[in-house]
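Listed here are the chains, written in short residue letters.
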Amino acid sequence: MSKRLKILLISMAIIMLFASGYGLSAFLYTYKESRACMAPLVNGPFLLPEHKPVRATPLTITDYPHPPFGWDKKADLNFVTPDHQLNFHHVRQKNGYPEFWFSRVGSGKTLLYSVIFKENLDVTKFELPRRTIPGFNQGKVYAIAIDEFSSQVSIYRLNDETIQFDMIIKETGIQADLILDIAFGERDIIWILAYSYGRGHERAIYAVSLTTNNVVKHVSENSMIIEIETDSTGSLFYTAYSAEPDKGTKIVHVMDGSEKIITTYTPPMEAYFMVPTHLLVSDDDQLWLGNVFWNPKAGYLYDLRVVIPPPLFVNKNMRYGIVVESPSPQEVTEDGRVWFKSDRGLTWYQPNTDKWCMFTTADSNIVKDDEGNLWIIYNNALYMLPAEETKAKG
């Protein structure tokens, strides 16, 4: 083939590429996406549309460390060693700088870190009782803690002037062995999901008023409460798992003291199928149960949508060989994507196109700041995906 003919054929191919509407930018985007997204560990689909498991042949490949392609590395978190696992909680603005909040358990204490991102990292460490959960609401930082001796639940709030946690409620009247989850409602209400060994392994939700110190207890009959969330109006939602009489995960809306079951998800009976229990109510009030159900408007019963889980969440397991994970929905971005955390890695899902992409093996929460940037931890470093990458298209 002559050189002139080769040039002609290449030119025709480029013209056809643009004429087809695909375009060079789309080609480059597809190439970029193929680098960003991880492959599943099994051959073929693992779940049928009816949510019935099918036998799948595990691949011989192993998940190698997969950095978040397209994310910007912002800082090494060298104030802890890599073997100290950090929990990533929140980002807020302080004096014009982003302030990141992390925690870990060490030496019988919960160590809470404030990290202000300037030219260098400005790190402040707080030592709190071992059984402490931090909370963040409207620019304020809280700590809900259990006293080691009395098992009383106390509530602290950070004083941004003294840089100390002040105890605002010494004794809430709640006795617990673990704080499982917290959420913030309207009128200075903190919802606390507490677990008590001594009361028949009771899991109860308490509404605590920060202004009156009044406490109201809420228990779900015949079910085990797993997680709690609130929407933009302060209404409470929770997930609960029930073994009898209707086995499965139910989503319950609590409003004005009364309950309304939104849906109940009955999982396959196979032991290697992890029951979806993780709940998200997003900034725009979308409601997600793991990666199986979602509702564009939390609390609205008549628009519940089913999601077909992909094989991406099939992971290796010492006991069963393989297991179907139940990922935790973390954030919803302006472009409609939903971001999930699982043991295998972090994933996004686009409901408009039914596209899934597991983009890193990072073991991190996904945190969105007030400007829409996404943040994660990978390999003991802080990474950011700029808000421009998740803007609504067109």
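Please refer to the structure placed before this passage.
Note that this is a predicted model, so its numbers are computed, not measured. (Residues numbered from 1 in each chain as written. Predicted model: local features only at pLDDT ≥ 70, side-chain atom pairs only at ≥ 80, totals over all residues. Heavy atoms only, no water.)

Description of the overall build of the protein chain
When you go through the protein chain residue by residue, the secondary structure sums to 2 helices and 30 strands. Taken across its 394 residues, the protein chain has 49% of its residues classed as buried. When contacts within the protein chain are restricted to residue pairs at least 6 apart in sequence, those whose partners lie at least 24 apart make up 41%. A total of about 20,700 Å² of accessible surface is found on the protein chain, and carbon and sulfur atoms cover 51% of it. (Helix = DSSP H or I, 4+ residues; strand = E, 2+ residues; numbered from the N terminus. Buried < 20%, exposed > 50% of the residue type's maximum accessible area, 1.4 Å probe, protein only. Contact = heavy atoms within 4.5 Å. Areas by Shrake-Rupley, 256 points an atom, 1.4 Å probe, with all protein chains shown as cover.)

Some details on the state of the cysteines
Going through the model one piece at a time under the given rule, you end up with 1 disulfide. Two residues, Cys37 and Cys357, share a disulfide whose sulfurs are 2.1 Å apart. Every disulfide takes its handedness from the sign of the S-S torsion; for Cys37 and Cys357 that torsion is -110°, giving left-handed. Highlighted residues: Cys37 in the loop between helix H2 (23-36) and strand E1 (72-76) and Cys357 in strand E27 (residues 355-360), separated in sequence by 320 residues. Exposure class is identical for Cys37 and Cys357. Each is buried. (Disulfide = S-S within 2.5 Å.)

So, the pattern of salt bridges
The tally for this structure, following the rule as stated, stands at 11 salt bridges. Put simply, Asp335 and Arg337 hold a salt bridge, and the shortest N to O gap is 2.8 Å. Accessibility assignment for this pair places Asp335 and Arg337 in one class, buried. Bridged by salt links that share partners, the residues Arg92, Glu99 and Asp160 form one connected network. (Salt bridge = Lys/Arg side-chain N within 4 Å of Asp/Glu carboxyl O.)

Considerations on the packing of aromatic side chains
Overall, the coordinates contain 23 aromatic pairs when judged by the stated rule. When the ring of Trp101 is compared with that of Phe126, the centres are 5.9 Å apart and the planes differ by 20°; the resulting orientation is stacked. With a gap of 25 residues between them, Trp101 in strand E3 (residues 97-106) and Phe126 in strand E5 (residues 121-129) connect regions that are remote in the sequence. Plain terms: the ring middles of Phe313 and Trp356 are 5.7 Å apart, the flat faces sit at 85° to each other, and that makes the pair edge-to-face. With Phe313 in the loop between strand E21 (305-306) and strand E22 (314-317) and Trp356 in strand E27, the pair connects residues that are 43 residues apart, well separated along the chain. Through a chain of ring-to-ring contacts, three or more aromatic side chains come together here, namely Phe79, Phe88, Phe100, Phe102, Tyr113, Phe117 and Trp375. Lying over the aromatic face of Trp348, Arg337 brings its terminal NZ or CZ to 4.8 Å of the ring centre. (Phe/Tyr/Trp six-rings, centres within 6.5 Å; stacked < 30°, edge-to-face > 60°. Lys NZ or Arg CZ within 6 Å of the ring centre and 35° of its normal.)

Section: the sheet that holds strand E6 (residues 132-137)
Taking strand neighbours across the sheet as the criterion, the 4 strands line up as E6-E7-E8-E9 in an open arrangement whose pairing is antiparallel. With partners counted over all chains shown, the strands left at the sheet margins are E6 and strand E9 (164-169), one partner each. Strand after strand, the sheet turns through a mean of 30° between neighbouring axes, direction not considered. (Pairing = 2+ DSSP bridges. Axes fitted to C-alpha atoms, helices over the stretch in contact; angles between N-to-C directions.)

With respect to the nonpolar core
In this structure, Ile144, Val153, Ile155, Ile179 and Ile192 are the most contacted members of the largest nonpolar core, which totals 19 residues. Taken together, the elements giving at least two residues each to this core come down to strand E7 (140-146), strand E8 (153-159), strand E10 (178-184), strand E11 (189-196) and strand E12 (202-209). Aside from chain neighbours lying at most four places away, what touches Ile144 is Arg131, Thr132, Ile133, Val153, Ser154, Ile155, Ile179, Ile182 and Ile192. With 16 residues, the next largest nonpolar core counts Ile262, Phe273, Val281 and Leu289 among its residues. (Core = buried A, V, L, I, M, F, W, Y, C linked by side-chain atoms within 4.5 Å.)

Concerning the sheet that holds E27
With antiparallel pairing, 4 strands are arranged side by side in an open sheet as E24-E25-E26-E27. The open sheet is flanked by strand E24 (328-332) and E27, the only strands paired with a single partner. Going from strand to strand, the sheet's axes swing by 25° on average, the running direction of each strand aside. Two elements, strand E26 (residues 346-350) and E27, share 5 bridges in a ladder whose sense is antiparallel. Looking at E27, one finds that Leu346 is bridged to Thr360.

What about the side chain of Lys94?
Assignment of secondary structure puts Lys94 in strand E2 (residues 87-94). For Lys94, which is buried and forms no salt bridge, the nearest opposite charge comes from Asp160, at a distance of 4.0 Å. Residues in contact with Lys94, not counting those within four places in the same chain, are Glu99, Ile116, Asp160 and Ile163. (Lys, Arg positive; Asp, Glu negative; His and termini not counted.)

With respect to the side chain of Asp181
Tracing the chain through its elements places Asp181 in strand E10. Polar side-chain contacts of Asp181 include one of 3.0 Å to the backbone nitrogen of Ile228. Setting aside chain neighbours within four positions, we find Asp181 in contact with Ile133, Trp191, Ile192, Leu193, Glu227 and Ile228. (Polar contact = N/O pair within 3.5 Å; in protein donor to acceptor, adjacent residues only side chain to side chain.)

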